[in-house]
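Here's the letter readout for the chains.
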Amino acid sequence: MSTKRWLALVVSVTAISVVASVAAYAAVTSGSGGSEVRKDYRTQDAVATFTGPFTAINASVIPVAIPSGQSRLLTGRFSGESRCTGVANTWCAIRIMVKDTVSGIAVEMEPAVGVDFAFDTVGGDGSEAHAITRFLRVPGGSYNVYVERATTNGGTAFQLDDWAFEVEQNI
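For clarity, every value in this text was computed on a predicted model and none was experimentally measured.

Draft legend 1. Summary view of the side chain of T90. Note that T90 resides in the loop between β4 (62-85) and β5 (91-100). Separated by 2.6 Å, the side chain of T90 and the backbone oxygen of V87 make a polar contact. In this structure, T90 is in contact with T121, V122, T152, N153 and T156, ignoring residues within four places of it in sequence.

Draft legend 2. Focus on the nonpolar core. Ranked by internal contacts, the top residues of the largest apolar core, which has 24 residues, are F78, V145 and F165. Of all elements in the fold, only β4, β5, β8 (128-151) and β9 (157-170) reach the threshold of two or more residues within this core. Apart from the residues within four sequence positions on either side, V145 is in contact with S60, V61, I62, V64, L74, I96, M97, V98, M109, F165 and V167.

Draft legend 3. Representation of the pattern of salt bridges in the model. Counting across every chain of the model gives six salt bridges. Its salt-bridge partner being D40, residue R38 comes within 2.8 Å of it at the nearest N-O pair. Residue class for R38 comes out partly exposed when judged on its relative accessible area of 46%. Salt bridges here are not isolated pairs; linked through shared partners, they connect K39, R77, E166 and E168.

Draft legend 4. Structural context of the state of the cysteines. Summed over all chains, the structure comprises one disulfide. Between the sulfur atoms of C84 and its disulfide partner C92 the distance amounts to 2.1 Å. Note on the C84 and C92 pair: the S-S dihedral is about 85°, so by sign convention the disulfide is right-handed. Grouping residues by exposure puts C84 and C92 together as buried.

Draft legend 5. Here's a closer look at the pairing of β8. Of the strand pairs in this sheet, strand β3 (residues 55-56) and β8 are connected by two bridges, and their pairing is antiparallel. The residue of β8 that forms the bridge with T55 is R149. Of the strand pairs in this sheet, β4 and β8 are connected by 17 bridges, and their pairing is antiparallel. For I66, the partnering residue across the bridge sits in β8 and is G141. Looking at chain direction, β5 and β8 are connected through nine bridges and run antiparallel. Residue pairing across strands places I94 opposite R149, the latter belonging to β8.

Draft legend 6. Seen up close, the environment of T133. Mapped onto the fold, T133 is located in strand β8. Between the C-alpha atom of T133 and that of F78, which follows or precedes it by 55 residues, the distance is 6.6 Å. Apart from the residues within four sequence positions on either side, T133 is in contact with T75, G76 and R77.

Draft legend 7. Looking closely at the environment of G126. Relative to the helices and strands, G126 resides in the loop between β7 (118-121) and β8. A C-alpha to C-alpha distance of 8.1 Å links G126 and C84, two positions 42 residues apart in sequence. If sequence neighbours within four positions are ignored, G126 has contacts with S82 and R83.

Draft legend 8. Region of the structure containing the environment of A48. Locating A48 in the fold gives a position in strand β2 (residues 48-50). In this structure, the C-alpha to C-alpha distance between A48 and Q159, residues 111 residues apart in sequence, is 5.6 Å. Not counting the four nearest positions on each side in its chain, A48 is found in contact with R149, F158, Q159 and L160.

Draft legend 9. Up close: the side chain of T151. Structurally, the position occupied by T151 is in strand β8. A polar atom in the side chain of T151 sits 3.2 Å from the backbone oxygen of N153. Each residue touching T151, except ones within four places of it in the same chain, is listed here: F50, T51, G52, W91, C92, T156, A157 and F158.

Thresholds, definitions, all that
Residues numbered from 1 in each chain as written. Predicted model: local features only at pLDDT ≥ 70, side-chain atom pairs only at ≥ 80, totals over all residues. Heavy atoms only, no water. Helix = DSSP H or I, 4+ residues; strand = E, 2+ residues; numbered from the N terminus. Polar contact = N/O pair within 3.5 Å; in protein donor to acceptor, adjacent residues only side chain to side chain. Contact = heavy atoms within 4.5 Å. Core = buried A, V, L, I, M, F, W, Y, C linked by side-chain atoms within 4.5 Å. Buried < 20%, exposed > 50% of the residue type's maximum accessible area, 1.4 Å probe, protein only. Salt bridge = Lys/Arg side-chain N within 4 Å of Asp/Glu carboxyl O. Disulfide = S-S within 2.5 Å. Pairing = 2+ DSSP bridges.

Below you can see the structure in the form of structure tokens.
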């Protein structure tokens, strides 16, 4: 086999391997819901700055009650004016949580990626609007749905202003 053909074969096999490994890493999930049953929201226009691991935005808590024997598809949407400053190559993260008020167990809405979701990154771009949408189907029970914020470095500051959070329930 000629050197050119051998090189072309190696490049082709490598490219296929990279595509296959990326496809295997990326998980696609789907779901559906019926008619909207309820929508609740919270807003805040006060500036708050935060540094550290995931901590709840207390004013964002929305209680949700689902009748026994039923389930609901919850959709959480959070948007706000954000500014992330500090250490280069770090970011400010947001996640939306659902906590069972009886058991105390809290889970992240889907996709559940923790600090891997960069709501905003450190840069000289000033304040700007950002948003996140997450989903989770839950059985009958009593829950609190809320937003948590975090920074990926202790030298990074996360400023939020003029935010809105809504939780929609669908059958």
